[in-house]
Amino acid sequence: MGAKGYSDLQKRTKEIYIEQHKNYSRDKSIFNRFLAVALDPKSYDLPKEFFAGKSVLDAGCGNTGYFQVAMHALGASHITCLDLGTEWMPELEKVMKEHGIPDSALSYREGSTAALPFADESFDFVASNGVLMHLESAIEAEKALCELARVTKKGGLIYAYAGISSPGIVDRYIVPALRKAYQEDSDFRQYIDNITPEQVTSDLLTCFSSAQEFDKSFPPSLQGYIQTLFTLDSATFTQNMLQVPVQLGTVLGFDWIKDKLDRLGFKNIRRVPEKYWVRSDYRKFLAPLHYNRDTRLSKLLYGDGHVKVVAEKL
Ligand SMILES: C[S@@+](CC[C@H](N)C(=O)[O-])C[C@H]1O[C@@H](n2cnc3c(N)ncnc32)[C@H](O)[C@@H]1O
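Residues numbered from 1 in each chain as written. Predicted model: local features only at pLDDT ≥ 70, side-chain atom pairs only at ≥ 80, totals over all residues. Heavy atoms only, no water.

Let's shift gears to helix α11 (residues 254-263). Side chains three or four residues apart in an α-helix point the same way, a direct result of the helix having 3.6 residues per turn. Those residues of α11 not exposed but buried are F254, W256, I257, K260 and L261. The buried residues of α11 occupy an angular sector of 160° when the element is viewed end-on, so they sit on one face. Projecting away from the buried face of α11 at angles above 90 degrees are the exposed residues D255 and R263. Elements in contact with the buried residues of α11: α5 (138-150), β5 (152-164), β6 (266-271) and β7 (306-313). Where α11 terminates, the next one or two residues include G265, which has phi positive at roughly 85°. (Buried < 20%, exposed > 50% of the residue type's maximum accessible area, 1.4 Å probe, protein only. Helix = DSSP H or I, 4+ residues; strand = E, 2+ residues; numbered from the N terminus. Arc of directions from axis to C-beta. Contact = heavy atoms within 4.5 Å.)

Right, here's the structure in full:
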């Protein structure tokens, strides 16, 4: 444990995210892509009317702000934002001001999902997006889930991005291999830590320009197309996948979270149907495979996909 009782792992996780999340402000298309999903009540498998007048907790909020903007737009009366440390607060406050969200609609609290600084049954809607899988262990993730459940009002709801059910080879083999390379190969680590769309695009253009000399089937227009493949969004995604110290996603599938929420007295525990994420970078070509698991290839690559769960407290 370090200063303020945070473990080195927690400090490292939050530092990484604070830096990555600044890109959402630098490139509005990243922010807007997440906002469009968060604004759609179907993303929580809930009707739009649910949110009116509700008190919301965003546990592990980070400093992107899209979720807060969405909750305010959907009619939530108050949104409490919680994350480790305090460094994320000025960043998030800036985003809130840019979007005209009144101070009275927001609270900012330092804290950990391990021990939420709130009384039992404080919130109507307790959300935790992309946090459980970055905790130290499945035991910590279970503790966090207990805390999220504790602060949910009776009749209120939990929404959590839990993990990946029956992961395919991408998450079982490819991502872990790249994460291992990031840990062990200092050249690769340096490339990833400093990755920019300009650098990757320049590298791709150099290689493809030289290849055009030998393979005349590469059209001259290919160069313009290559410039669209790797954006700041792609760079942020790559860093997100490789830099974060812990990735428990493949352990925390639907059955894992359902079992815990059942025992915590939740009902109507359901998986939110997967949404199609429209991409503008190289992932444009992966999105159809990720969304539609009806083919052998897509199932092999992505398994049962990411699990977002919503459940009601009895
Ligand atoms: C993938 S980011 C997600 C941020 C935000 N929910 C979003 O959707 O943009 C994970 C966040 O969880 C936070 N986090 C990690 N461990 C935490 C803990 N024990 N308690 C609270 N927040 C934590 C990190 O600091 C980081 O901001």
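On to the pairing of strand β4 (residues 123-128), then. With 6 of 6 residues buried, β4 lies mostly within the body of the structure. The pairing of strand β1 (residues 55-59) with β4 spans 3 bridges and is parallel. Among the inter-strand pairings, V56 is bridged to a residue of β4, identified as F125. Inspection of the sheet shows β4 paired to β5 by 5 bridges, in the parallel sense. Along β5, the bridge assignment pairs S128 with A160. In this region the chain leaves β4, passes through α5 and returns to the parallel neighbour β5; the handedness of that crossover is right-handed. (Pairing = 2+ DSSP bridges. Right-handed = clockwise from strand over helix to strand, strands pointing away.)

Before going further, it helps to spend a moment on the pattern of salt bridges. Evaluated as defined, the whole model comprises 23 salt bridges. Here D45 makes a salt bridge to R270, at a shortest N to O gap of 2.7 Å. With D45 in the loop between α2 (28-38) and β1 and R270 in strand β6, the pair connects residues that are 225 residues apart, well separated along the chain. The partly exposed category is assigned to D45, whose relative accessible area is 31%. A relative accessible area of 16% places R270 in the buried class. Ionic pairing is found between K260 and D259, a salt bridge with its closest N-O pair at 3.3 Å. Residue classification places K260 among the buried positions, given a relative accessible area of 10%. (Salt bridge = Lys/Arg side-chain N within 4 Å of Asp/Glu carboxyl O.)

Before going further, it helps to examine helix α1 (residues 8-26). For α1, built from 19 residues, the straight-helix expectation of 27 Å at 1.5 Å per residue is met to within 8% by its first-to-last C-alpha distance of 28 Å. All of the buried residues along α1 are Q10, T13, K14, I16, Y17, I18, Q20, H21, N23 and Y24. The secondary structure elements touched by the buried residues of α1 are α2, α3 (66-74), α4 (88-98) and α10 (232-243). (Expected span 1.5 Å × (residues − 1).)

So, on to the sheet that holds β1. With mixed pairing, 7 strands are arranged side by side in an open sheet as β3-β2-β1-β4-β5-β7-β6. Every interior strand has two partners, whereas the edge strands, β3 (106-110) and β6, have only one. Strand-to-strand twist across the sheet, computed as the mean angle between neighbouring axes with direction ignored, equals 15°. Contacts from α5 reach β1, β4, β5, β6 and β7, with the element oriented near 155° to β5. (Axes fitted to C-alpha atoms, helices over the stretch in contact; angles between N-to-C directions.)

Domain annotation for the protein chain reports domain 1 (3-167 + 246-280 + 305-313) and domain 2 (169-242). Distance between the C-alpha centres of domain 1 and domain 2: 30 Å. Contact residues are listed per partner, giving 15 residues for domain 1 and 11 residues for domain 2. Of the roughly 1100 Å² buried between domain 1 and domain 2 on both sides combined, carbon and sulfur atoms contribute 48%. Sorting the residues of domain 1 by area buried against domain 2 places Q20, N23 and P167 first, and these three jointly supply 38% of that buried surface. Inspection of the region where domain 1 meets domain 2 yields 5 residue pairs in polar contact (both at pLDDT 80 or more). Of all the secondary-structure elements, those providing two or more residues to the side of domain 1 that touches domain 2 are α1 and α2. The dominant element in the side of domain 1 that touches domain 2, judged by the number of residues it contributes, is α1, at 6 residues. (Domains from an automatic or database assignment. Buried area = accessible area lost by both parts, 1.4 Å probe. Polar contact = N/O pair within 3.5 Å; in protein donor to acceptor, adjacent residues only side chain to side chain.)

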